[in-house]
Amino acid sequence: MRGSIFHHEQLVFYDGEIGKKYLILLNSPQSNEPYLFVKTTSQKKIYPEHDTPKCLYDNKRFFIPANRYFFPKNTWVQLYEIYPFSAAEMLKNKFDNKLSKVGIIETQLVNQIVNCLINSSRDDILDSHVQLLLRDKTA
């Protein structure tokens, strides 16, 4: 379900690294459609913090303040990479105890994240993914 938060024990990042990550599902897949995830981080580095959720267009991130939504720490949703999973991959990860649903965020926040993703990273997103994100945003 769109807005679900999953914890992945061994996510393979695009750079080949493997790590534990919270992922946010941005669509509600139908039939053979992919599950479209973005990963999060609570490691601040140089990203700005705010009192409210905020799109950081220049950094291709979305800021979620601590303890306002699911996350206990200030969290940055990383919008520069989408992680598509097939239904088969979802099941395999679940049965291998690598992926578990741990929470959900409200529709309004998911809409803000999707808007930020499309507005900050549009040139990096497959058209088919944009269609899924926009369809589910209006549903």
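I will try to describe carefully the structure that is included in this document. Since the structure is predicted, the reported quantities are computational estimates derived from the model, not experimental observations.

Digging into the pattern of salt bridges
And then number 1: This structure, assessed with the given rule, holds 5 salt bridges.
And then number 2: Measuring nitrogen to oxygen at the nearest pair gives 2.8 Å for the salt bridge that ties E33 to R135. Of this pair, E33 sits in the loop between β2 (18-25) and β3 (35-41) while R135 sits in helix α3 (residues 127-138); the two residues are 102 residues apart in sequence, bridging distant segments of the chain.
And then number 3: On the accessibility criterion, R135 (27% relative accessible area) is partly exposed.
And then number 4: Between K39 and E81 there is a salt bridge, and its shortest N-O distance comes to 3.4 Å.

Regarding the packing of aromatic side chains
And then number 1: Counted by the stated rule, this structure contains 7 aromatic pairs.
And then number 2: Residues F70 and F71 carry aromatic rings whose centres are separated by 5.2 Å and whose planes lie at 85° to one another, so their mutual orientation is edge-to-face.
And then number 3: On the accessibility criterion, F71 (3% relative accessible area) is buried.
And then number 4: Through a chain of ring-to-ring contacts, the aromatic side chains of F6, F37 and F85 assemble into a single cluster.
And then number 5: Over the aromatic face of F13 sits the side chain of K39, whose NZ or CZ is 4.1 Å from the ring centroid.

Reading guide: rules and limits
- Residues numbered from 1 in each chain as written.
- Predicted model: local features only at pLDDT ≥ 70, side-chain atom pairs only at ≥ 80, totals over all residues.
- Heavy atoms only, no water.
- Salt bridge = Lys/Arg side-chain N within 4 Å of Asp/Glu carboxyl O.
- Helix = DSSP H or I, 4+ residues; strand = E, 2+ residues; numbered from the N terminus.
- Buried < 20%, exposed > 50% of the residue type's maximum accessible area, 1.4 Å probe, protein only.
- Phe/Tyr/Trp six-rings, centres within 6.5 Å; stacked < 30°, edge-to-face > 60°.
- Lys NZ or Arg CZ within 6 Å of the ring centre and 35° of its normal.

Note that every value here comes from positions in space, so none of it alone points to a role or purpose.
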